[in-house]
Amino acid sequence: MKRLWTFLVLVLAVGLAAGCARTKAAESWPRIKQDKKVVIGLDDTFVPMGFRQKNGQLAGYDIDLAKAVFKLYGVKADFQPIEWSMKETEMKNQTIDLIWNGYSVTPERKKQVAFSDDYLVNHQILVTKVKDNVTKLSDMAGKSLGVQTGSSGAAALDGQPKLLKRYIKNQTPVLYDTFNEAFLDLNAGRIQGIFMDEVYARYYVAHQSDPKAYRILTGDFDAEAFAVGMRKSDTVLREKINAGFKVLKQNGTVAKLQKKWFGAVQQ
C-alpha cells in the first residue's frame, strides 16, 4: 500500500510539473500574447544596457527600451539573468524568448539566431590604466588582456588578430564571466587592459571616483550593431519588435532614452 501511495504521489507531481512547464512551439508570439509576458535573457552586469543597481533593481537602456516596445502590445517584459556564454543554448531550449542586452550582430550568431532590426551602433575599445603607459594598441605587447567569455569583443579579437591579439601575452586573452570581474583585476594590476564594448566602458569609467586614472583607446575594429536575438522560427515576434522600434523612434521615446543613458542621441 505504501508503494502504491508513493507511486500515486510521483504521478501527481509529474503531472503538475508538466502542466506548469512552458509549452514549446515554433512560433512564440501566440503564447506571449496569451500570457502577456515575454522572457528576456540578459547579463545583469552589462552597464549601461542592463544591470542591477545598488538596490537590486534592474535598470539600463535595453531594460527601458524592451519595456517600452512590449508595452505597445500590453505585454510585460520579464528579465531573466543568464550565463552569457550559454545565451543561444538558453534560447534554443526556450527557457528564454529573447536575447536583449547589447547583443551584437555577427555572422557567427546569424547562423544560430534571427535578429531584429539594428537599434544601436557600438564599437570595441581597449581600456587601460594610465599608470600602465599604454597609449596605442601595440603597447600591449607582452601584457595581459581581459575579455568576456562569449562576447563580441572576444569574437572581434579573434576576427582581426593583427590589430591587438598578436601583441598580448601568449597571444591569448584572460577570460572573464563578467566585465565587473575584469575591472577588479585591471584595478588590482593583474591584467593591463580590457577589450570590451564602448557603451559599457565609457559609462563605467565616467562613474569611477577618478575617471582620469583610465585611458580608452580605439582602433580600426569594425563597428557593430546591437539587435535583439530570437529563434529563427519567431517571424511574428520579430515583426512586432521591429514595428515597435519604428513607433518609439517616431514618437521620440528612443531619443529620450538615449539622452537618459548616453547623454546624447546615438545612431
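One structure accompanies this document, and this report is about it.

The subject of this paragraph is the packing of aromatic side chains. By the definition in use, this model includes 20 aromatic pairs. Between the aromatic rings of Phe179 and Tyr200, the centroid separation amounts to 5.0 Å while the plane-to-plane angle is 65°, which identifies the pairing as edge-to-face. Here the residue Phe179 occupies a position in helix 7 (residues 179–188), and Tyr200 occupies one in helix 8 (residues 198–206), the gap between them amounting to 21 residues. Geometrically, the ring pair formed by Phe183 and Tyr200 is stacked, given 6.2 Å between the ring centres and 10° between the ring planes. In this pair, Phe183 sits in helix 7 while Tyr200 sits in helix 8, placing the two residues 17 residues apart along the sequence. With relative accessibility at 1%, the residue Phe183 sits in the buried group. An aromatic cluster of three or more residues is present, and its members are Phe46, Phe179, Phe183, Tyr200, Tyr204 and Tyr214.

For the rest of this paragraph, the subject is the nonpolar core. One finds Ile40, Leu65, Phe70, Leu98, Trp100, Tyr119 and Phe183 to be the most contacted residues of the largest nonpolar core, which totals 52 residues. Element by element, the count of residues in this core is highest for helix 3 (residues 61–71), at seven residues. Apart from the residues lying within four places of it in its own chain, the contact partners of Trp100 are Ile40, Gly41, Leu42, Asp62, Leu65, Ala66, Val69, Phe70, Tyr119, Val228 and Phe245. By size, the runner-up hydrophobic cluster in this structure holds 14 residues, among which are Val134, Met140, Leu157 and Ile168.

Bringing the sheet that holds strand 2 (residues 45–46) into the picture now. Taken in spatial order, the three strands make up an open sheet running 2-3-4, and their pairing is antiparallel. Looking along the sheet, the strands with just one partner apiece sit at the ends: strand 2 and strand 4 (58–59). Relative to strand 4, strand 3 (residues 50–52) is paired through two bridges, and the arrangement is antiparallel. By the bridge assignment for strand 4, Arg52 is matched with Leu58.

Moving on, we get to unusual backbone geometry. Note the cis peptide between Val47 and Pro48, where omega equals -5°. Mapped onto the elements of the fold, Pro48 is located in the loop between strand 2 and strand 3. Unusually for a residue other than glycine, Gln94 sits at a positive phi of about 65°. Residue placement: Gln94 occurs in the loop between helix 4 (87–92) and strand 6 (98–99). Among the residues examined, Gln94 registers a relative accessible area of 12% and is labelled buried. A positive phi angle, close to 60°, is found at Asn170, a residue other than glycine.

Here we come to the pattern of salt bridges. Going through the model one piece at a time under the given rule, you end up with 12 salt bridges. Linking Lys37 and Asp78 is a salt bridge whose minimum nitrogen-to-oxygen distance equals 4.0 Å. Here Asp78 lies in strand 5 (residues 76–81) and Lys37 lies in strand 1 (residues 37–42), a separation of 41 residues in the sequence. Taking the relative accessible area as the measure of exposure, Lys37 reaches 36% and is therefore partly exposed. Taking the shortest distance from any N to any O, the salt bridge between Asp158 and Lys165 comes out at 2.7 Å. With a relative accessible area of 22%, Lys165 lands in the partly exposed category. Look at the salt bridges and you will find they share partners, linking Arg31, Asp97, Arg231 and Asp234 into a network.

Turning our attention to the sheet that holds strand 11 (residues 174–176). Sheet architecture is open: five strands sit in the order 11-10-12-9-13, paired in mixed fashion. Looking at which strands have only one partner, the edges of the open sheet turn out to be strand 11 and strand 13 (214–217). The mean angle between the axes of side-by-side strands here comes to 30°, regardless of whether they run parallel or antiparallel. Bridging between strand 9 (residues 124–129) and strand 13 involves four bridges; their strand directions are antiparallel. Opposite Leu126, over in strand 13, you have Leu217 as the bridge partner. Each of strand 9, strand 12 (193–197) and strand 13 touches helix 8; the most contacted strand, strand 12, lies at about 120° to it.

Parameters and conventions
Residues numbered from 1 in each chain as written. Predicted model: local features only at pLDDT ≥ 70, side-chain atom pairs only at ≥ 80, totals over all residues. Heavy atoms only, no water. Phe/Tyr/Trp six-rings, centres within 6.5 Å; stacked < 30°, edge-to-face > 60°. Helix = DSSP H or I, 4+ residues; strand = E, 2+ residues; numbered from the N terminus. Buried < 20%, exposed > 50% of the residue type's maximum accessible area, 1.4 Å probe, protein only. Core = buried A, V, L, I, M, F, W, Y, C linked by side-chain atoms within 4.5 Å. Contact = heavy atoms within 4.5 Å. Pairing = 2+ DSSP bridges. Salt bridge = Lys/Arg side-chain N within 4 Å of Asp/Glu carboxyl O. Axes fitted to C-alpha atoms, helices over the stretch in contact; angles between N-to-C directions.

Note that every value here comes from positions in space, so none of it alone points to a role or purpose.
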